[in-house]
Amino acid sequence: MLKTNFTDLIDKIYQKNMKIKKIKILNKNFIFIFDYLFARQILLNKENFFAKNEMVFNKIKPITGKNGLVQMQGDISREYRSYSKPIFVLDNIKKNENIISFIASNYVDKIENNKPLDVSDFIMQLVLEIAFRVFLGFNINNTKCLGQNFLRLNELCGKRMMSFFCFPLYIPTLNNLKINFLKNNIRNSISEQIELSNYNIHSDEKNVVNLFKNDNYLIDQCMTFLFAGHETAAASITFTLLLLAEYPYYQEQIYKGDDDIIKNIYKESLRLYPPAYMLVRQVKKDTIFNDFKLHVSDQIIICVKQIQQSERYFYKPQDFFPERFLQHNKNEGFMPFGMGEKSCLGEKYAYLEAITILREICKKFIIKKREKKIEYSKLITLHPKQGQFIWLQKR
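Residues numbered from 1 in each chain as written. Predicted model: local features only at pLDDT ≥ 70, side-chain atom pairs only at ≥ 80, totals over all residues. Heavy atoms only, no water.

Engineer: Is there a simple way to think about the overall build of the protein chain in this case?
Structural biologist: For the protein chain, the helix and strand inventory stands at 15 helices and 12 strands. A compact globule built from 395 residues would reach a C-alpha radius of gyration of about 21 Å, and the protein chain, at 21 Å, matches this within 12%. Principal-axis analysis of the C-alpha atoms places the extent of the protein chain at approximately 60 × 50 × 40 Å. The buried share among the 395 residues of the protein chain stands at 55%. (Helix = DSSP H or I, 4+ residues; strand = E, 2+ residues; numbered from the N terminus. Rg over C-alpha atoms; globule rule 2.2 N^0.38 Å. Buried < 20%, exposed > 50% of the residue type's maximum accessible area, 1.4 Å probe, protein only.)

As structure tokens, this is what we get:
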């Protein structure tokens, strides 16, 4: 069992219609949740019995920042979430729509007609530039290098997160040295850009640098927002484009410009390939949960990908069928942004960004069909593998 990791274990133990599975590893209980209603109970109804999973979250601190919002819990988490909310109020999101559209249009105009495009690499650079401008308030030129560093750090921290055992970061193993180098490189790049701007980051804008300007953990907050606002968005938009290459009918629907249809296409991509493919908690009070005795420090793994592809909630769940969201208004079984106190603050922003980018590409290009199956890696997030090419033909 120790030769495997969380994701391998999920794939091995999951069976059709399974709701919950308890396994003991090294005297620690792991409870895998495959049921949407059980997940709701954990994330909403019984929230006081479950806390952030320290075992997992400690392993991803290099990419989120030691004191970034995603690492916080309890009153301090609620306090910092309230500080962050002005970024995601509807008026501010709409103001950012012009920024997103402008940057996306510039990128799309540079695409060569009928030439192979590494879609993961292209979208990563595009979304990272948008993230720097929207969340930090400035433009950055070396998006390719910085994006690759983020992706590599995601991969290394993802392997740590999935392992049942790994050495502390202060022990100079080869992987730990790589993690610390990449972490410091990214943090230094952010610090240099802020210093160069002398903190004059469009002072009228609601962004991380302005809201946390006097905070001791400013760079940690920047790390969290860049990771959450770039890595997951880039992955999900890339998956959507790869799917559109297989289903040209939906390209034409996007070309016609109905935002509700575009949103449903993106939601269906999120259902099939959720970047946050599992949510982790740990028990903080002994309790009974659906006839299972849970004890303090038991590990809870909510298997989002399996839930979203269950026949309990979706007809023909393996099929790409965006229309299901016209008929599925309650969205039961759909949880790509989590639920409860720790749900994603940027859900509305994520939809707006995806709709804007997808519309910008499809109004100018036809995405040519790919023959290969979509490939992905399970890192901290579910991420499309690089080197998956699409061909874009000008309309």
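What follows continues from the structure just given.
Engineer: It is not clear to me how unusual backbone geometry should be interpreted in this structure. Could you clarify?
Structural biologist: With glycine set apart, most residues show a phi of negative sign, and most peptide bonds adopt trans. Within the chain, N290 stands out as a residue other than glycine whose phi angle is a positive 50°. Structurally, the position occupied by N290 is in the loop between β6 (287-289) and β7 (292-294). The exposure class assigned to N290 is partly exposed, which follows from its relative accessible area of 31%. Even without glycine at this site, S297 takes up a positive phi of about 80°. With respect to the helices, strands and loops of the structure, S297 is situated in the loop between β7 and β8 (299-302). The exposure class of S297 is partly exposed, given its relative accessible area of 29%.

Engineer: Where do I start with the packing of helix α12 (residues 248-256) against helix α15 (residues 347-362) in this structure?
Structural biologist: Two packed helices can be described by the angle between their axes and the distance between those axes. Close contact between α12 and α15 brings their axes to 8 Å; oriented N to C, the two are set at 105°. Classified by the angle between their axes, α12 and α15 sit roughly perpendicular to one another. Across from Q251, I254 and Y255 in α12, the residues of α15 making contact are L358, R359 and C362. For the contact of α12 with α15, the residue count by class is four nonpolar, one polar and one charged. (Axes fitted to C-alpha atoms, helices over the stretch in contact; angles between N-to-C directions. Parallel < 35°, antiparallel > 145°, perpendicular 65-115°, else oblique. Contact = heavy atoms within 4.5 Å. Nonpolar A, V, L, I, M, F, W, Y, C, P; charged D, E, K, R; others polar.)

Engineer: What is the right way to look at the pattern of salt bridges in this model?
Structural biologist: Note on pairing: side chains with opposite charge can pair once their charged atoms come close. Per the stated rule, a full pass over the model turns up 17 salt bridges. Salt-bridge contacts for K378 lead to D11; the nearest nitrogen and oxygen are separated by 3.1 Å. A residue pair is termed long-range when its members are at least 10 positions apart, and K378 in strand β10 (residues 376-378) and D11 in helix α1 (residues 6-13) qualify at 367 residues. Between E311 and K16 there is a salt bridge, and its shortest N-O distance comes to 3.2 Å. Residue E311 is located in the loop between α14 (304-308) and α15, and its partner K16 is located in the loop between α1 and β1 (20-25); the two are separated by 295 residues in the primary sequence. In this pair, the class of E311 matches that of K16, namely exposed. Connected via shared salt-bridge partners are D109, E360, K363 and K364. (Salt bridge = Lys/Arg side-chain N within 4 Å of Asp/Glu carboxyl O.)

Engineer: How do you make sense of empty space enclosed by the protein when you look at a structure like this?
Structural biologist: In this approach, a probe sized like a water molecule rolls over the atoms, and the result shows the empty space that is left. Scanning the entire structure with this criterion turns up two cavities of 30 Å³ or more. Space inside the largest cavity adds up to approximately 1,000 Å³. Where the lining of the largest cavity is concerned, the elements lending two or more residues are α3 (54-57), α5 (74-88), α11 (218-246), α13 (259-272), β5 (279-283) and α15. It is α11 that contributes the most residues to the lining of the largest cavity, eight residues altogether. Residue classes in the lining of the largest cavity are distributed as 27 nonpolar, nine polar and five charged. Listed by contribution, the elements that provide at least two residues to the lining of the second largest cavity are α1 and α14. With three residues, the top contributor of residues to the lining of the second largest cavity is α1. Partitioning the lining of the second largest cavity into residue classes produces two nonpolar, two polar and three charged. (1 Å grid on protein atoms, 1.4 Å probe; cavity = no way out; pocket = protein on both sides within 12 Å on 5 of 7 lines; lining within 4 Å. Points joined across faces, edges and corners; volume = space filled by probe spheres on them.)

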